[in-house]
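# Fold and geometry: a report
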Amino acid sequence: QVQLVESGGGLVHPGGSLRLSCVASRNIFRIYVMGWYRQAPGKQRELVAHITSSGSTNYADSVKGRFTISGDNAKNTVYLQMDSLKPEDTAVYYCKAETMGNMNYWGKGTLVTVSS
């Protein structure tokens, strides 16, 4: 079946680090972009970072310089390295895959909590 599976969320103290992973099933046809979004309680879901199949990246201003997105095409996997975490980074983080046919697929999310 078609699915995206996220992992790596958890509880960290401010200033700590986490690395999120997202594995896309092989039957998702012609993935063009994979990205990470997040949604905090009472707020809209927002783009955190995305990466194209050619390696181009984009980041939200709020995470620029702290987060790094990377991908492994052979493994159909995208990573999000999160450093210098802040309490305002607390959210459910979702992986998204977009295909050349403009089909979007979402993971179920992984919770990141940054608290002292």
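Residues numbered from 1 in each chain as written. Predicted model: local features only at pLDDT ≥ 70, side-chain atom pairs only at ≥ 80, totals over all residues. Heavy atoms only, no water.

## What to know about the nonpolar core
Here is the rule: In this text, buried Ala, Val, Leu, Ile, Met, Phe, Trp, Tyr and Cys residues form a nonpolar core when linked through side-chain atoms within 4.5 Å. Whether a residue is buried, partly exposed or exposed follows from its accessible area with a 1.4 Å probe, protein chains only, as a fraction of its type maximum: under 20%, in between, or over 50%, in that order. Comment: elements are numbered from the N terminus, with helices defined as DSSP H or I runs of at least four residues and strands as E runs of at least two. By definition in these notes, contact holds between two residues if any of their heavy atoms fall within 4.5 Å.
Counting 29 residues, the largest nonpolar core has Met 34, Trp 36, Leu 80, Met 82 and Tyr 93 as the members making the most contacts within it. Secondary-structure elements contributing two or more residues to this core are β3 (18-24), β4 (31-39), β5 (46-52), β7 (67-72), β8 (77-82), β9 (91-99) and β11 (110-114). Setting aside residues no more than four positions away along its own chain, Met 82 makes contact with Gly 16, Ser 17, Leu 18, Leu 20, Arg 66, Phe 67, Tyr 93 and Val 112.

## Notes on the state of the cysteines
Formally: Note on terminology: pairs of cysteine sulfur atoms within 2.5 Å are recorded as disulfides.
According to the stated counting rule, one finds 1 disulfide in the structure shown. Here Cys 22 is linked by a disulfide to Cys 95, with a sulfur-sulfur distance of 2.0 Å. Measuring the twist about the S-S bond at about -85°, one finds the Cys 22-Cys 95 disulfide to be left-handed. Within this pair, whereas Cys 22 is found in strand β3, its partner Cys 95 is found in strand β9, the two being separated by 73 residues in sequence. Here Cys 95 falls in the buried class, since its relative accessible area comes to 0%.

## A look at the sheet that holds β7
Hydrogen bonding along the main chain pairs the strands of a sheet, whether they run parallel or antiparallel. We apply this condition: A pair of strands is treated as paired once DSSP finds two or more bridges between them. With axes taken as lines fitted to C-alpha atoms, and helix axes fitted only over the stretch in contact, angles between N-to-C directions fall between 0 and 180 degrees.
Read across the open sheet, the 4 strands follow the order β1-β3-β8-β7; overall the sheet is antiparallel. Each of the sheet's edge strands pairs with one partner strand only, and the pair in question is β1 (4-7) and β7. Strand-to-strand twist of the sheet, defined as the mean angle between neighbouring strand axes without regard to direction, takes the value 15°. In this sheet, β8 lies alongside β7 in antiparallel orientation, the contact comprising 6 bridges. For Asp 72, the partnering residue across the bridge sits in β8 and is Thr 77.

## Examining the environment of Ser 70
Tracing the backbone through its elements, the reader meets Ser 70 in strand β7. Note on Ser 70: relative accessible area 30%, which makes it partly exposed. Between the C-alpha atoms of Ser 70 and Arg 38, which are 32 residues apart in sequence, the distance is 17 Å. Sequence-distant contacts of Ser 70, defined by excluding residues within four places in its chain, comprise Ile 51, Thr 77, Val 78 and Tyr 79.

## Things to note about the packing of aromatic side chains
Short version of the rule: Planes of paired rings set the category: under 30 degrees apart is stacked, over 60 is edge-to-face and the rest tilted, where pairs are Phe, Tyr or Trp rings (Trp by its six-membered ring) whose centres lie within 6.5 Å. Two limits define a charge over a ring: the Lys NZ or Arg CZ must be within 6 Å of the ring centre, and within 35 degrees of the ring normal.
Inspection of the entire model under this criterion finds 1 aromatic pair. For Arg 19, the ring lying beneath its charged end belongs to Tyr 79, and the centroid distance is 4.0 Å. One residue, Arg 45, lies across the ring of Tyr 94, its end atom 3.8 Å from the ring centre.

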